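Structural features, examined
One letter stands for each residue in the lines below.
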Amino acid sequence: MDLTKPKTKGIMFALVTGMLIGLMGFFVHKAKGDHQFLEVLLHRSTLLCLVLLPFAIKNAPSLLKRESLFIWPRCIFGCAAMLCFFLTLQSTHVGTAILLANLSPVLVIILGILLLKEEFNIKALWGSALIIAAVVLLGRPDSAVLSLNVILIGILGSLLKTFAFLSLRKAATKLNPYLIVWMLSFVVLVTILLLGANPMKLAQNWNKPILLKISIISLLMQISLTYAYRYIEASFAVVLILTSAFWGMICEIIFLGYRPTAAELIFCSCLIAGIIIVNKSKRTIKDLPVPGS
């Protein structure tokens, strides 16, 4: 494998991103007893803003360029998607939350068909059907595995992330990765403060080990993610990053003694199979236009 090729670099960054998302998801889930998701995001966003501030200042002039318009939908949709993801992580198991947040491939296809009148084939429809069946299985009223509210929040987050990642694909080729991560972190910080996060919690929790782990892993993950989208197309990156569900579940099994139920295993299997089938299908689906472009 030639590590100097752009596509190879993108694959490596996407796989590393998947591992880091799995670890981050595990620690966010583990922290739920002591730190609610807004508190976790407050600590995470503040640390990222402070660490990356010198890089942001250095590269700030690029925000005056026309290409910088792509960073705003990335930040807005990315912020909303992150809120949904962290809330889902503290409401269900790590692997399940990550899979719900990674429905982007099928959403790209559905939106492409509905909005852009793009072509589709039977394989893509079968993959989509598997994903829908998995969601219905766990979201039915008599299911004790996962509440309908959590399902809906997870799907909403995945839809928002679809637009955020397509925007990232455009922004990552034009702007400095550290500036992109700083902008997203700043938008998240402002948003959670407006939602009522208590700034005084920073003084109380700045040195809490679990929050520091989440923040450091998040910093590395965001940078790795941005580089992944610089080198490979959005639909390919999403499927590689799906390995995060495996890492998150393994951490939960080893460190928390979690044992997946039969329904959860069926759900995960259907979801993974559906996403892989959708990605492998020979389709003409292209990256959707970036909102606001």
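Residues numbered from 1 in each chain as written. Predicted model: local features only at pLDDT ≥ 70, side-chain atom pairs only at ≥ 80, totals over all residues. Heavy atoms only, no water.

1. Brief notes about the overall build of the protein chain
What the protein chain contains, in helices and strands, is 13 helices and zero strands. Start at the N end of the protein chain and walk to the C end: the helices and strands fall as α-α-α-α-α-α-α-α-α-α-α-α-α. Here the protein chain holds 293 residues, and 52% of them are scored as buried. Once local pairs closer than 6 in sequence are excluded, the contacts in the protein chain between residues at least 24 apart make up 89%. Accessible surface, the protein chain as shown: approximately 13600 Å² in total, 70% of it carbon and sulfur. (Helix = DSSP H or I, 4+ residues; strand = E, 2+ residues; numbered from the N terminus. Buried < 20%, exposed > 50% of the residue type's maximum accessible area, 1.4 Å probe, protein only. Contact = heavy atoms within 4.5 Å. Areas by Shrake-Rupley, 256 points an atom, 1.4 Å probe, with all protein chains shown as cover.)

2. A look at the confidence of the model for the protein chain
Summarising the model, the protein chain shows a mean pLDDT of 81, and 82% of its residues fall at 70 or more. When mean pLDDT is compared element by element in the protein chain, helix 2 (residues 37-59) scores highest at 94, while helix 5 (residues 104-116) scores lowest at 65. Every residue in residues 282-293 is under pLDDT 50, and counting partners more than four places away or in other chains gives 32 contacts. (pLDDT = per-residue confidence, 0-100.)

3. Re the packing of aromatic side chains
All told, the structure shown has nine aromatic pairs when counted by the stated rule. Both rings, one in Phe13 and one in Tyr227, keep their centres 5.1 Å apart while their planes meet at 20 degrees; by these two values the pair is stacked. Taken together, the positions of Phe13 in helix 1 (residues 6-30) and Tyr227 in helix 10 (residues 209-231) put the pair 214 residues apart, joining distant regions of the chain. Residue classification places Phe13 among the partly exposed residues on the basis of a relative accessible area of 28%. Put simply, the rings of Phe13, Tyr227 and Tyr231 pair up and form one aromatic cluster. (Phe/Tyr/Trp six-rings, centres within 6.5 Å; stacked < 30°, edge-to-face > 60°.)

4. Quick notes on the state of the cysteines
Enumeration according to the criterion identifies zero disulfides in this entry. Not engaged in a disulfide, the cysteine Cys84 finds its nearest cysteine sulfur in Cys79; these two sulfurs lie 9.7 Å apart. Residue Cys84 is classed as buried on the basis of its relative accessible area of 11%. (Disulfide = S-S within 2.5 Å.)

5. With respect to the side chain of Gln90
Positionally, Gln90 belongs in the loop between helix 3 (71-89) and helix 4 (94-100). Within polar-contact distance, the side chain of Gln90 engages the backbone oxygen of Val28 at 3.2 Å. Polar side-chain contacts of Gln90 include one of 2.9 Å to the backbone oxygen of His35. Leaving out residues up to four positions away in the same chain, Gln90 has contacts with Val28, Ala31, Lys32, His35, Gln36, Phe37 and Val40. (Polar contact = N/O pair within 3.5 Å; in protein donor to acceptor, adjacent residues only side chain to side chain.)

6. Points about the side chain of Ser244
With respect to the helices and strands, the residue Ser244 is situated in helix 12 (residues 244-256). Sequence-distant contacts of Ser244, defined by excluding residues within four places in its chain, comprise Gly18, Ile21, Gly22, Ile98 and Asn102.

7. Side note on the packing of helix 1 against helix 12
Across the interface, helix 1 lies against helix 12 with an axial gap of 7 Å and an inter-helix angle of 40 degrees. If you check the angle between helix 1 and helix 12, you find them oblique. Considering how the two elements wind past one another, helix 1 and helix 12 form a crossing that is right-handed. Residues Gly18, Met19, Ile21, Gly22, Leu23, Phe26 and His29 of helix 1 touch helix 12, and the partners they reach there are Ser244, Trp247, Gly248, Cys251, Glu252, Phe255 and Leu256. (Axes fitted to C-alpha atoms, helices over the stretch in contact; angles between N-to-C directions. Parallel < 35°, antiparallel > 145°, perpendicular 65-115°, else oblique. Left-handed = near helix turned anticlockwise from the far one by under 90°.)

8. As for helix 3
The terminal C-alpha atoms of helix 3, which comprises 19 residues, lie 26 Å apart, in line with the 27 Å expected from a rise of 1.5 Å per residue. Within helix 3, 14 of the 19 residues are buried, leaving the element largely enclosed by the surrounding structure. (Expected span 1.5 Å × (residues − 1).)

9. A closer look at the nonpolar core
Grouped together as the largest cluster of nonpolar side chains are 78 residues, with contacts concentrated most on Phe86 and Ile214. Of the residues forming this core, the biggest block, 11 residues, is contributed by helix 10. Leave out the neighbours within four places in its chain, and Phe86 touches Met24, Val28, Phe37, Val40, Leu41 and Arg44. (Core = buried A, V, L, I, M, F, W, Y, C linked by side-chain atoms within 4.5 Å.)

10. Looking at a nonpolar patch on the surface
There is a patch of nonpolar side chains on the surface, built from Val16, Met19, Phe246 and Trp247 and spanning about 350 Å² of accessible area. Considering the arrangement of structural elements, one finds Phe246 in helix 12. (Patch = residues over 30% accessible without salt bridge, like charges linked within 9 Å, V, L, I, M, F, W, Y side chains within 5 Å. Salt bridge = Lys/Arg side-chain N within 4 Å of Asp/Glu carboxyl O.)

11. A look at helix 2
It helps to recall that an α-helix has 3.6 residues per turn; residues three or four apart then point in one direction. Between its terminal C-alpha atoms helix 2 stretches 30 Å, which fits the 33 Å expected from 23 residues at 1.5 Å a residue. By the largest-angle criterion, Leu53 marks the main kink of helix 2, which is about 55 degrees, and a proline, Pro54, follows within four residues. (Bend = angle between axes of the 7 residues up to and from the residue.)

12. With respect to the environment of Pro199
Summarising the element assignment, Pro199 is placed in the loop between helix 8 (177-194) and helix 9 (200-205). Relative accessible area serves as the criterion here: at 48%, Pro199 is assigned to the partly exposed category. Residues Pro199 and Thr46, 153 residues apart in the sequence, show an inter-C-alpha distance of 9.9 Å. Setting aside residues up to four positions removed in sequence, Pro199 forms contacts with Leu42 and Leu193.

13. A word on the environment of Phe163
Position of Phe163 relative to the elements: it lies in helix 7 (residues 148-171). Along the chain, Phe163 and Phe77 lie 86 residues apart, while their C-alpha atoms are 6.5 Å from each other.

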